[in-house]
Each structure stands twice: as structure tokens, then as C-alpha cells.
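Below are the chains, spelled out letter by letter.
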Amino acid sequence: MESKFSEEARQFKALSDETRLAIVDMLRSGELCACKILENFQITQPTLSYHMKILTDCGLVCGRRDGAWVHYSLNGDNLKALGDLLAGFSR
């Protein structure tokens with residue numbers, strides 16, 4: 001049985017990693033190619049792919065393939081819903 005907050009729990013778990021949180025912060029400025037994201041970290045391309053899969057699978061980030069690279073952007077609707085959930089806890 002899936003809990004009421006299972007999707008949100010997956011999203012919070014994805015954001016609990018320092019690298020993934022930094023990637024989400026980078027994407028606030030708009031869509032970025034994986035190659036540009038990779039330039040900001042001391043990680044390999046397969047490691048970046050691992051982090052991006054987690055972020056896309058939980059619905060916080062969207063990917064768009066362009067040749068050999070993928071361009072990533074934030075899923076604003078899901079991020080807003082997650083923010084609204086947090087804001088509701090403070091009421």
C-alpha cells in the first residue's frame with residue numbers, strides 16, 4: 001500500500017543529497033545541458049547521469065535529448081507542490 005506522501009518522500013529524498021540540491025539550484029536559472037552541469041562538479045559523466053536519473057524519476061527535473069546530450073530543466077509544478085506542502089506544515 002502506497003502512503004499518502006510517498007511521492008513527496010521520494011522528492012525530499014532526492015533533494016537530501018548535496019550534489020542533487022546544487023544541481024536543482026543551478027537549474028533555477030533555466031535549462032542547462034548536462035555538459036554545463038558537469039563542468040561545475042568533480043564527478044564523472046556516469047555519476048552525473050545517476051544523479052539526474054534520480055531527479056527526473058521523482059519528477060523534480062525534466063530532460064530533453066538533443067543529440068548526444070540531454071538538456072535539463074526544473075519541473076516547476078512539482079517543485080511548487082512540494083513547497084506548498086512545506087508551507088502547510090508551518091500553519
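Further up the page is the structure itself.
Residues numbered from 1 in each chain as written. Predicted model: local features only at pLDDT ≥ 70, side-chain atom pairs only at ≥ 80, totals over all residues. Heavy atoms only, no water.

Novice: Explain the packing of helix α1 (residues 6-15) against helix α5 (residues 76-89) to me, please; I cannot follow it from the model alone.
Specialist: Think of two packed helices as two axes; the pair is described by the angle between the axes and how far apart they sit. Here α1 crosses α5 at 100°, and the two axes come no closer than 11 Å. It follows that α1 is roughly perpendicular to α5 by the angle criterion. Counted together, Glu8, Gln11, Phe12 and Leu15 of α1 and Asn78, Leu82, Leu85 and Leu86 of α5 form the full contact between these two elements. Residues of the contact of α1 with α5, tallied by class, amount to five nonpolar, two polar and one charged. (Axes fitted to C-alpha atoms, helices over the stretch in contact; angles between N-to-C directions. Helix = DSSP H or I, 4+ residues; strand = E, 2+ residues; numbered from the N terminus. Parallel < 35°, antiparallel > 145°, perpendicular 65-115°, else oblique. Contact = heavy atoms within 4.5 Å. Nonpolar A, V, L, I, M, F, W, Y, C, P; charged D, E, K, R; others polar.)

Novice: What is the right way to read the state of the cysteines from this model?
Specialist: In protein chemistry, a disulfide is the covalent bond that joins the sulfur atoms of two cysteines. If you walk through the whole model with that rule in mind, you get zero disulfides. No disulfide involves Cys58; its sulfur sits 10 Å from the nearest other cysteine sulfur, which is in Cys62. Under the relative-accessibility criterion, Cys58 is labelled buried at 2%. Accessibility expressed as a relative area gives 32% for Cys62, which makes it partly exposed. (Disulfide = S-S within 2.5 Å. Buried < 20%, exposed > 50% of the residue type's maximum accessible area, 1.4 Å probe, protein only.)

Novice: Sorry, what's going on with the pattern of salt bridges here?
Specialist: Pairing of side chains with opposite charge becomes possible as their charged atoms draw close. For the structure on display, the rule yields six salt bridges. For the salt bridge of Asp57 with Lys53, the shortest nitrogen-to-oxygen distance reads 2.7 Å. Taken as a pair, Asp57 and Lys53 lie in helix α4 (residues 45-57) at a separation of four residues, close to a single helical turn. Assessed through its relative accessible area of 42%, Asp57 is described here as partly exposed. (Salt bridge = Lys/Arg side-chain N within 4 Å of Asp/Glu carboxyl O.)

Novice: Is there a simple way to think about the sheet that holds strand β1 (residues 32-33) in this case?
Specialist: For sheets, the rule is that strands pair by backbone hydrogen bonds, running either parallel or antiparallel. On the basis of which strands lie adjacent, the open sheet formed by three strands has the order β1-β3-β2 and antiparallel pairing. Each edge of the sheet is formed by a strand with only one pairing partner; in this case those strands are β1 and β2 (61-66). Bridge analysis of β1 against strand β3 (residues 69-74) gives two bridges, and the strand direction is antiparallel. From the neighbouring strand, Leu32 faces β3, where its bridge partner is Tyr72. Running at roughly 80° to β3, helix α2 (residues 18-27) makes contact with β1, β2 and β3 of the sheet. (Pairing = 2+ DSSP bridges.)

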